[in-house]
Amino acid sequence: MKFSKLRKILVLFLIPLAFVVIFSGTGAAHATTVTPDTGAEEGQADSVTSDNNDATTLGLSLSTNSDETSLSGTLQILLIITVISLAPSILVMVTSFTRIIIVLHFVRTAIGTQSSPPNNVLIGLSLFLTLFIMSPVIAQIKTEAYDPLAAEEITQQEALERGIQPLREFMLKQTRQDDLRLFMDIAKVDPVESVDELSITIIIPAFIISELRAAFIIGFLIYVPFIVIDMVVSSVLMSMGMMMLPPTTISMPFKILLFILADGWNLVIGQLVNSFNF
């Protein structure tokens, strides 16, 4: 037993010692290095750096139009980027999108469904309805402004003036005289004989206020029948002594049923589109 224990102790000491001897030998073997020819390496380094300098040399040149009557290419790109960044605001402010999206939101809130239809569906429906309503205006802009400009028959300034004119006519048809007069008073503009003499900076905010007013009037008319259902359901629950049961839980299925029986989407969308004076 004593010899076996002694043998185990010797084995435990000899194994680490063998590893130390082996690794020390390999370390000495790797320590021997060969000194390369420095002159050749310096020559190769110089050639590599010269090649890299030649490879990284870049040329940048900008050219603009020599014609003084036209905008330079850089300025045109800047204007295009500006128009693209302002496109959502332009779409909301000078088209029928504002009235449509507000009315559809009122419909969803009046029924009581908080997230149905979802926002993506309402926005998509509003965009397509806006495209449908504004298609005559878009066609007129294309015919009177874009096509002559593409054919180089008119200048860019003339195309801009012709393109704004159909939008002015559309907005003036939907704008109340009181709203126009309000912004004329704020801007201290003298009374004009015709609304065609008004600046676009006065027409756009007046148009937005008129759209908000029309949208809230339509939303109020949509709310009235659904409020009546809420009142009836609440009165029935109180008469039955069900004080703890929320009336909206019972009234929402009846409101959805009323909306379906009255063909609500057809009625709302039809009256909403017809509310625009073409």
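Residues numbered from 1 in each chain as written. Predicted model: local features only at pLDDT ≥ 70, side-chain atom pairs only at ≥ 80, totals over all residues. Heavy atoms only, no water.

Q: Kindly report on the overall build of the protein chain, identifying the contributing residues and their values.
A: What the protein chain contains, in helices and strands, is ten helices and zero strands. Its helices and strands taken in sequence order, the protein chain reads α-α-α-α-α-α-α-α-α-α from the N to the C terminus. Relative to its full complement of 278 residues, the protein chain shows a buried share of 22%. Within the protein chain, counting contacts between residues at least 6 apart in sequence, those at least 24 apart form 68% of the total. (Helix = DSSP H or I, 4+ residues; strand = E, 2+ residues; numbered from the N terminus. Buried < 20%, exposed > 50% of the residue type's maximum accessible area, 1.4 Å probe, protein only. Contact = heavy atoms within 4.5 Å.)

Q: Tell me about the environment of Ile 102, and name the residues and values.
A: With respect to the helices, strands and loops of the structure, Ile 102 is situated in helix α4 (residues 97-111). Separated by 117 residues in sequence, Ile 102 and Gly 219 place their C-alpha atoms 7.9 Å apart. Residue contacts for Ile 102: discarding those within four places in its chain leaves Leu 212, Ala 215 and Phe 216.

Q: Give a description of helix α6 (residues 156-174) that names residues and reports values.
A: The end-to-end C-alpha distance of α6 is 28 Å, a good match for the 27 Å that 19 residues give at a rise of 1.5 Å each. For α6, the set of buried residues is Ala 159, Gly 163, Pro 166, Arg 168, Phe 170, Met 171, Leu 172 and Gln 174. Those residues of α6 that are buried are in contact with α4, α5 (119-150), α7 (177-187) and α8 (200-239). (Expected span 1.5 Å × (residues − 1).)

Q: For the packing of aromatic side chains, give the residues involved together with the corresponding values.
A: For the structure shown, the criterion picks out six aromatic pairs. A centroid spacing of 5.3 Å and a plane angle of 80° characterise the contact between Phe 106 and Phe 216, whose relative ring orientation is edge-to-face. One end of the pair, Phe 106, is in helix α4; the other, Phe 216, is in helix α8, with 110 residues separating them in the sequence. Judged by relative accessible area, which is 17%, Phe 106 ranks as buried. Where Phe 106 meets Tyr 223, the ring centres are 6.1 Å apart and the plane angle is 80°; that geometry is what we call edge-to-face. One end of the pair, Phe 106, is in helix α4; the other, Tyr 223, is in helix α8, and 117 residues separate them in sequence. (Phe/Tyr/Trp six-rings, centres within 6.5 Å; stacked < 30°, edge-to-face > 60°.)

Q: Any chance you could break down the packing of α4 against helix α10 (residues 264-274) for me, citing the residues and the numbers?
A: Running from N to C, α4 and α10 point in directions that differ by 155°, and their axes come no closer than 11 Å. By the criterion of interaxial angle, the relationship of α4 to α10 is roughly antiparallel. Between α4 and α10 the crossing geometry is right-handed. Within the contact between the two elements, α4 uses Arg 99, Ile 100, Val 103, Leu 104 and Val 107 and α10 uses Trp 265, Val 268, Ile 269 and Leu 272. Each residue belonging to the contact of α4 with α10 can be placed in one class, and the counts come to eight nonpolar, no polar and one charged. (Axes fitted to C-alpha atoms, helices over the stretch in contact; angles between N-to-C directions. Parallel < 35°, antiparallel > 145°, perpendicular 65-115°, else oblique. Left-handed = near helix turned anticlockwise from the far one by under 90°. Nonpolar A, V, L, I, M, F, W, Y, C, P; charged D, E, K, R; others polar.)

Q: Hey, could you go over α7 for me, with residue numbers and the actual values?
A: Turning to α7, its buried residues number three or more, namely Asp 179, Leu 180, Phe 183 and Met 184. Down the axis of α7, the smallest arc covering the buried residues is 135°, so these residues share one side. Along α7, exposed side chains directed more than 90 degrees from the buried face belong to Asp 185 and Ile 186. Lys 188, located one to two residues past α7, shows a positive phi value of around 60°. (Arc of directions from axis to C-beta.)

Q: Can you explain the confidence of the model for the protein chain? Please cite residues and give values.
A: Of the residues in the protein chain, 73% reach a pLDDT of 70 or more, and the chain-wide mean stands at 75. Least confident of the elements in the protein chain is helix α2 (residues 38-55), whose mean pLDDT is 45; most confident is α4, at 91. (pLDDT = per-residue confidence, 0-100.)

Q: Outline the side chain of Asp 179, supporting the account with residue identities and numerical values.
A: As for its position among the elements, Asp 179 is in helix α7. Relative accessible area serves as the criterion here: at 6%, Asp 179 is assigned to the buried category. Within the structure, Asp 179 has its side chain in polar contact with the side chain of Ser 210 (distance 2.5 Å). Apart from the residues within four sequence positions on either side, Asp 179 is in contact with Ala 206, Ile 209 and Ser 210. (Polar contact = N/O pair within 3.5 Å; in protein donor to acceptor, adjacent residues only side chain to side chain.)

Q: Outline unusual backbone geometry, listing residues and values.
A: A cis geometry characterises the amide bond from Ser 116 onward to Pro 117, with omega recorded as 0°. Along the chain, the position of Pro 117 falls in the loop between α4 and α5. Positive phi outside glycine occurs at Glu 152, with the angle close to 60°. Summarising the element assignment, Glu 152 is placed in the loop between α5 and α6. The exposure class of Glu 152 is exposed, given its relative accessible area of 73%.

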